[in-house]
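# Observations on the model geometry
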Protein chains: 4
Amino acid sequence: MKRIFDPVHHFIELEPGEARLLDLAPMQRLRRLRQLGLAYFAFPAAEHSRFTHALGALAMGTRAFDGLIRHAGGMSPERDYERRLVRTALLLHDVGHGPFSHACEAVLGIPHEARTREILALPEMRAGIEALDIDPADVLALIVGDPRTRYPALRELVSGPNLDADRMDYLLRDAYFTGVVSGRYDADQLVASLRLFERDGVPVLGIDSRGVVALESFVVARYMMFASVYFHHTTRLFERILQEALHDLWPNPRVLDPIDEFLRWDDFRVLNELRDSESEAARALRERIRIYGLAAEFNAGDDLRAYSACETALRERFGADAVWADEQSQVMHRLPLGAAKGATAWVGTASGLVEARYASDLIAKLSGKAYWRKLFVRRDRADMHEARALCAEIIAALR
Amino acid sequence: MKRIFDPVHHFIELEPGEARLLDLAPMQRLRRLRQLGLAYFAFPAAEHSRFTHALGALAMGTRAFDGLIRHAGGMSPERDYERRLVRTALLLHDVGHGPFSHACEAVLGIPHEARTREILALPEMRAGIEALDIDPADVLALIVGDPRTRYPALRELVSGPNLDADRMDYLLRDAYFTGVVSGRYDADQLVASLRLFERDGVPVLGIDSRGVVALESFVVARYMMFASVYFHHTTRLFERILQEALHDLWPNPRVLDPIDEFLRWDDFRVLNELRDSESEAARALRERIRIYGLAAEFNAGDDLRAYSACETALRERFGADAVWADEQSQVMHRLPLGAAKGATAWVGTASGLVEARYASDLIAKLSGKAYWRKLFVRRDRADMHEARALCAEIIAALR
Amino acid sequence: MKRIFDPVHHFIELEPGEARLLDLAPMQRLRRLRQLGLAYFAFPAAEHSRFTHALGALAMGTRAFDGLIRHAGGMSPERDYERRLVRTALLLHDVGHGPFSHACEAVLGIPHEARTREILALPEMRAGIEALDIDPADVLALIVGDPRTRYPALRELVSGPNLDADRMDYLLRDAYFTGVVSGRYDADQLVASLRLFERDGVPVLGIDSRGVVALESFVVARYMMFASVYFHHTTRLFERILQEALHDLWPNPRVLDPIDEFLRWDDFRVLNELRDSESEAARALRERIRIYGLAAEFNAGDDLRAYSACETALRERFGADAVWADEQSQVMHRLPLGAAKGATAWVGTASGLVEARYASDLIAKLSGKAYWRKLFVRRDRADMHEARALCAEIIAALR
Amino acid sequence: MKRIFDPVHHFIELEPGEARLLDLAPMQRLRRLRQLGLAYFAFPAAEHSRFTHALGALAMGTRAFDGLIRHAGGMSPERDYERRLVRTALLLHDVGHGPFSHACEAVLGIPHEARTREILALPEMRAGIEALDIDPADVLALIVGDPRTRYPALRELVSGPNLDADRMDYLLRDAYFTGVVSGRYDADQLVASLRLFERDGVPVLGIDSRGVVALESFVVARYMMFASVYFHHTTRLFERILQEALHDLWPNPRVLDPIDEFLRWDDFRVLNELRDSESEAARALRERIRIYGLAAEFNAGDDLRAYSACETALRERFGADAVWADEQSQVMHRLPLGAAKGATAWVGTASGLVEARYASDLIAKLSGKAYWRKLFVRRDRADMHEARALCAEIIAALR
């Protein structure tokens, strides 16, 4: 049993076969992919990698699984398989990400799920998974969220939209490494409250009613981390600049299509290759030059009138090319519990299984679509002072 | 300079005159009043006293004041007076509380503000305050929230409904001692974001727009602590039992009217006096007997139909005397940002001073009246299983 | 399964029978005995009770036991008994303490182990333990450290001098509630490193060699908590004053001999009874009057010459009655790993089982007898300035 | 005023000119130098950079300086210069490090102090420092520890062997990011206890006697981090492998002599360049292959007989080339308070200024030379099992 120290989960224990999987090149490469991309431009200490997150997700998923089983009759050979499956899927779930994840996907056009499929099919990866006596197809199905999996509850735990161990770890981890206190939530109580329920004959993941407060704290942590970190204007603007730099770096994205070539890229290499580039974007990244400035942000309610009016005014004043409208839907880490079907968490109450928003005033209030927007202008085309004053006036008039 | 160790604020420094004030009997008595009354029935470690909270409020208020002054032109002789005034007022702000605070007030009928007035007028207290070169009348005005004070912004800082140092400390402290993670908020950033603004010629306390996320975390902490701790059903039911015991203990409440007699009482003495009482309530407190059981709780939205229907049904089935309906407004620690006038926090934005709910989607959503209710029944009059089933059925039908 | 929130261990789970044991009066009484006695005179937040420590010791012992078993072949019916036994013994281990523990024992003259024996024999306690299917005699043997117990390794875990769960919890807990950072140690790693070894045919508790650093951190935490908290001069001097007050309160100690009468006393009652006492000691406790002042302290090495010279000089100058010499051996929480036989911890290394001091440079250096002393003088008999100067001169001359 | 979030110090505030200094390429490069080199092979989360440490050292130094000044008469124009000087020196103190610091120096042969001198002389750096109205020569003198500086106490604070802000930050930071609890010390109390004393007419940095416990916790933190992290066998062995890889990468070290070329290298680039190397060392780093195995470690006392006997036996059995003896003096982060002259901290007591070891039993015991050793063997030349057994036998015989 290999014991790994982690500041978030203290100890993480790995079986020898899992440790061998971890030593394979596609997993070691995750050490060179940062969990939060360029967020270190806003939060310097956010330098943690997807590698530690993969370990943390495994740890969190194991705690969740063990808790579930304890309330559902204990272990069995079948469940022993499920336990190993969940651990492996969480360990491998980010293996398909490219450098700076979102920016990379935007430029190269291949989703990380597709990359994951190819990587899991590599002989050494396949062999490593099979050595754990697990079917690689089961692993893939959990990671990509295949609705046909035989393990629907485990799929929720690995890649579901709410009670997934992926999110449970990254919220804690991102809060720890950025130093944003309000991203912490009551993980112990959340995990202790997880239960397996049945709806229409299908097992679903849910929460015991004693855990509603913990679920609320989890929902709030998502909200706070989104507001503080994931949608921070500094991060957003440097990610946009990075995207421009990547276009220059990879004029022909198809070159990275072969999985072997793709795996030869990571954050470190990208930064390295940009060292000598003369492009405006590369220089901005090297010297932290803010090509764009924030003119206004909008996050109150569903009234987009002020936003639209400001955008129009900025475009008219400085030209359409000078304005960049950034919205929440372009961000990977989405806001919690949107209106979309299935985007809920189930709560077992005395009066039956109910949606979380019926068990919690707070979740009811925070559910639903979010209408967050940021308006940036290019500093070389617009006077920031004028742009901000223009927006401020429009906003005040519409209040 | 006396240096005091505190797990929440690390170091708290006191001037010699402040330390002497602390050693007076009415302040030392706060060591025997618990900050959270009977909450230790639900959270065993919540044994912290109002004494440590008084120190913590002073520490928090000082940090807030120093931050404000730094952004408002630095110290001056006048501000040095204000600084000492704020510190003294926060150190003394809870001195008028009786044993188990709320229960005591309900039985004795005299609000703690009136007691505070009398206590501050005691010769030794008066002399102690004057030795700090402070006018006791100014201290009293800040503590009781007198609208005629010459220091309206300091009043907000001491006893306001939102950005008061009292609440800033007790949320952190109660979260620390109960162990409820989700009650923590980003105090450093909140304090660093406090600003003095002017509205209609009057100074008001507010938040710089960079601090909106910290304000959100503060609002959420209030919500989470309310949901987890202050309105916990175990605490609530034992507080009700305690109230019954106090009625037995003090058949004539007027005996405690004289302030000297009042000051001779504290939590420890009450528990001591109840040791040999034969009353049902006293025994229940000693042996942790739950006279009441929770039949149902309601915290989703403003629809009170299910609550009313359940209450009626329980009364009809078990008798009016067997049912106890507990609501949020009976609790001392109220939910944040009610609809009431003035119950807002101001935010300084590029487009002027706005209410917090216009600067934050989350605050807008969490603002407004809360309709939280709990229904208890007496266990000796009602079968708990039946009572819960009755409510569950009604709730399910109305969903 | 009852789930209890604790800030040190997060969740503590109790079986229904254990929860019923907890509700008995002798256990609820522990809520009114503070873990650190009068240390709150020096560390205001040190108001935590022996009740929360009892829960914490159970939690810590359970983690330790489960870890041991995992490395020793897993559970069995016999081990299930041992697990329940360890939990019960730790839950009950402090039940025999009187108000302010050490001071009470010094005045009443009956050790807490003897009280424990009587309390466990009370019908309700006996019945409560037997309802858990445990032999009360086994519980008593572990608590009082009976060398004839059939469970020598469990005795070490409950009441041993080094690797006991009692100490593992109280160090963490006292560090948490006082706010003394340096009392924290790496509990996760320590517990994960515990192992059962055999020496001369007897099972002994020890540490896997990977855990030496964790053991070092544990030893250091003992040292730091002793230096910062347990032997703090303010605590020590008020405990001495308290002892004087208790002599006045209980002129005939024999009155408290019957266990029923003894159990009617707790910290709260003592403080309550001292409210109206006119004795100098009682008044000093109420108003925080330092009757004694610290003239000098000695904690470097084994050279007691300066200490002896100072003591003699103070006695000569101010009279023997004016001087109080306080030494480490009068304190309950002793320094780590004295020279005494058996006072070691075993470490399993590649070259066999060795004493901790052979596996760790730090432990070797910190082992051995400690010669710590404090010299106090009565403030009404001696000028503190003069007393301190007298000692300072002697110390400088002997350096 | 720029406000930066940091998980260790919460907020760090920078003047605009300091922020501009931070944006220069030689400072941004520190984001690509990891504070702990290859320690992430043993502690995966130890991915933090020298960049965040530079900010943290500035924050720590500022706290220390402000505390010192408060006890030494407050600010003055001269001290305002000193404050800016300390901040700038700490911000820049690591700017001369190369990739993987120690390994890089070992291969290239130029100490980082010499690099720092050259970097500070670069026009943009020089201009950035002068824009803060600071003499670059003063900055350099503090960083390299020039004994002729006009600011001897500040030199101690920046680069002294004991009470330097560099170490104060890196211990906290390394403990936070590795997750090693026992590396935390009581920084608040240490900083609050710092004082300026005078010895032989020269100002020296020291500790008020109330701070001895905090100093002890600091000394212990050094010890524990050394034992747990800095001298961890996994880190040590991969650093040795890295050194071999760097020799292959830079066959002619002189190529990196010019400072412009040197600054083009960082950890990321080294790892990138090693991607395609066919050397054994490069492959070992990529795939985490342990070329060496730990045969035995020695850390108890000053008796090196067992160590020497084991080394000889291993060399005889497996050949001299198969054995690598690693000792503490080869590590950058040295053990505390060695026997060397000046390696002490001063404590102000009632009987005058004394060395720390006379004020603290613990520091006396931990002072002095450390004799820690590790013996590794090449796994391709030696059977690990046999090598360990060989050592174990020798150690047991000599005990």
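Let me sum up the structure you'll find in this document.

Per the secondary structure count, chain A includes 20 helices and nine strands. Over its C-alpha trace chain A gives a radius of gyration of 22 Å, about what one expects of a compact globule, namely 21 Å for 399 residues. Considering only C-alpha atoms, chain A reaches an extent of 70 × 55 × 35 Å along its principal axes. For chain A, contacts bridging at least 24 residues in sequence account for 73% of all contacts bridging at least 6. Working note: accessible area of chain A is about 14,500 Å², and carbon and sulfur atoms make up 49% of it. Considering chain A, the positive charge centre built from 52 side chains and the negative charge centre built from 58 side chains are found 2 Å apart.

Residues and elements named next belong to chain A. Of note, A389 is situated in helix α20 (residues 384-398). Overall, the relative accessible area of 39% leaves A389 in the partly exposed class. Taking C-alpha positions, A389 is 8.4 Å from A295, a pair spaced 94 residues apart along the chain.

You can overlay chain B on chain C at an RMSD of 0.1 Å; the transform is a turn of 180 degrees with a shift of 0.0 Å along its axis. A rotation of that kind, with that shift, is consistent with a two-fold axis. Across chain B, the smallest distance between a C-alpha and the rotation axis is recorded for F268 of chain B, namely 2.6 Å. When the interface residues of chain B are mapped onto chain C, 100% of them again fall at the interface, so both copies present the same face.

Before going further, it helps to spend a moment on the interface of chain D and chain A. With 36 residues of chain D in contact, the opposing surface of chain A contributes 37 residues. Across the chain D/chain A interface, buried area totals approximately 3,400 Å², and carbon plus sulfur atoms make up 52% of it. Taken as a group, F5, R31 and E47 of chain D account for 18% of the area that chain D buries against chain A, more than any other trio of residues on that side. Run the count over chain D and chain A and you get four salt bridges. We note a salt bridge from D266 of chain D to R275 of chain A, for which the minimum N-O separation is 3.4 Å. Scanning the region where chain D abuts chain A turns up eleven residue pairs in polar contact (both at pLDDT 80 or more). Of all elements in the fold, only β1 (2-6), α3 (50-70), α10 (165-178), α15 (267-273) and α16 (280-287) of chain D reach the threshold of two or more residues within the side of chain D that touches chain A. Looking at which element gives the most residues to the side of chain D that touches chain A, the answer is α15 of chain D, with four residues. Residue composition of the side of chain D that touches chain A, by class: 15 nonpolar, seven polar and 14 charged.

So, about the packing of aromatic side chains. Enumeration according to the criterion identifies 70 aromatic pairs over all chains in this entry. For the pair F5 of chain C and F11 of chain C, a centre-to-centre distance of 5.3 Å together with 55 degrees between the ring planes defines the contact as tilted. A ring pair is formed by Y40 of chain D and F41 of chain D, whose centres lie 5.3 Å apart and whose planes are at 20 degrees; its orientation type is stacked. Overall, the relative accessible area of 5% leaves Y40 of chain D in the buried class. Grouped by ring-pair contacts, the aromatic residues Y176 and F177 of chain A together with Y176 and F177 of chain D constitute a single cluster. The aromatic ring of F11 of chain B is capped on one face by R3 of chain B, whose charged end is 5.1 Å from the ring centroid. Sitting over the ring of Y307 of chain D, R373 of chain D keeps its end group 5.4 Å from the ring centre.

For the rest of this paragraph, the subject is the pattern of salt bridges. According to the stated counting rule, one finds 124 salt bridges over all chains in the structure shown. Residue D146 of chain C is joined to R148 of chain C by a salt bridge in which the shortest nitrogen-to-oxygen separation is 2.8 Å. The exposed category is assigned to R148 of chain C, whose relative accessible area is 71%. In the salt-bridge network here, residues are joined through shared partners; they are D6, D169 and R173 of chain A.

On to the environment of V270 of chain D, then. Residues and elements named next belong to chain D. Residue placement: V270 occurs in helix α15. By relative accessible area, which is 0% here, V270 ends up buried. Linking V270 and L242, residues 28 residues apart in sequence, is a C-alpha distance of 9.9 Å. In contact with V270, other than residues within four places in its own chain, are P99, F100, L242, L246, L249, W250 and W265.

A common measure of how large an interface is: the accessible area buried when the components associate. Contact with chain B, which involves 36 residues of that partner, is made by 37 residues of chain C. Of the roughly 3,400 Å² buried at the junction of chain B and chain C (both faces included), carbon and sulfur atoms supply 52%. On the chain B side of the contact with chain C, F5, R31 and E47 of chain B bury the most area, a combined 18% of that side's loss. Counting the contacts that link chain B with chain C gives four salt bridges. For the pair chain B and chain C, the number of links is eleven residue pairs in polar contact (both at pLDDT 80 or more). If you list the elements that add at least two residues to the side of chain B that touches chain C, you get β1 (2-6), α3 (50-70), α10 (165-178), α15 (267-273) and α16 (280-287) of chain B. Of the residues forming the side of chain B that touches chain C, the biggest block, four residues, is contributed by α15 of chain B. Across the side of chain B that touches chain C, the residue classes break down as 15 nonpolar, seven polar and 14 charged.

Our focus in this paragraph is the side chain of H93 of chain C. Residue and element names in this part refer to chain C. By the element assignment, H93 lies in the loop between α4 (77-92) and α5 (101-108). One polar contact links the side chain of H93 to the main-chain carbonyl oxygen of L90, over a distance of 2.7 Å. At 3.3 Å, the side chain of H93 forms a polar contact with the side chain of D166. Apart from residues lying up to four places away in sequence, H93 is in contact with H53, A57, I143 and D166.

Here we take up the sheet that holds strand β9 (residues 373-378) of chain D. All names here are of chain D. Spatially, the three strands line up as an open sheet ordered β5-β9-β6, and their pairing is antiparallel. Of all strands in the sheet, those bounded by a partner on one side alone are β5 (292-298) and β6 (323-327). In this sheet, adjacent strand axes meet at a mean angle of 25 degrees when their direction is disregarded.

All names here are of chain C. Strand order across the open sheet formed by three strands is β5-β9-β6, with antiparallel pairing between neighbours. The sheet terminates laterally at β5 (292-298) and β6 (323-327), the two strands that pair on one side only. Adjacent strand axes in the sheet meet at a mean angle of 25 degrees when their direction is disregarded. For β6 and strand β9 (residues 373-378), the ladder comprises five bridges, and the chain directions are antiparallel. Across the sheet, D326 pairs through a bridge with K374, a residue of β9. Where helix α13 (residues 233-249) meets the sheet, it contacts β5, β6 and β9, and its direction lies at approximately 130 degrees from that of β5.

Here we come to the pairing of strand β2 (residues 10-14) of chain D. Each regular strand carries side chains that alternate between the two faces of the sheet. Residue and element names in this part refer to chain D. In this sheet, β2 lies alongside β1 in antiparallel orientation, the contact comprising five bridges. Bridging from a neighbouring strand, F5 pairs with F11 of β2. The loop that links β1 with its antiparallel partner β2 comprises three residues.

Rules of the game
Residues numbered from 1 in each chain as written. Chains lettered and ligands numbered in written order. Predicted model: local features only at pLDDT ≥ 70, side-chain atom pairs only at ≥ 80, totals over all residues. Heavy atoms only, no water. Helix = DSSP H or I, 4+ residues; strand = E, 2+ residues; numbered from the N terminus. Rg over C-alpha atoms; globule rule 2.2 N^0.38 Å. Contact = heavy atoms within 4.5 Å. Areas by Shrake-Rupley, 256 points an atom, 1.4 Å probe, with all protein chains shown as cover. Lys, Arg positive; Asp, Glu negative; His and termini not counted. Charge placed at Lys NZ, Arg CZ, Asp CG, Glu CD. Buried < 20%, exposed > 50% of the residue type's maximum accessible area, 1.4 Å probe, protein only. Least-squares fit on C-alpha atoms with pLDDT ≥ 70 in both. Buried area = accessible area lost by both parts, 1.4 Å probe. Salt bridge = Lys/Arg side-chain N within 4 Å of Asp/Glu carboxyl O. Polar contact = N/O pair within 3.5 Å; in protein donor to acceptor, adjacent residues only side chain to side chain. Nonpolar A, V, L, I, M, F, W, Y, C, P; charged D, E, K, R; others polar. Phe/Tyr/Trp six-rings, centres within 6.5 Å; stacked < 30°, edge-to-face > 60°. Lys NZ or Arg CZ within 6 Å of the ring centre and 35° of its normal. Pairing = 2+ DSSP bridges. Axes fitted to C-alpha atoms, helices over the stretch in contact; angles between N-to-C directions.

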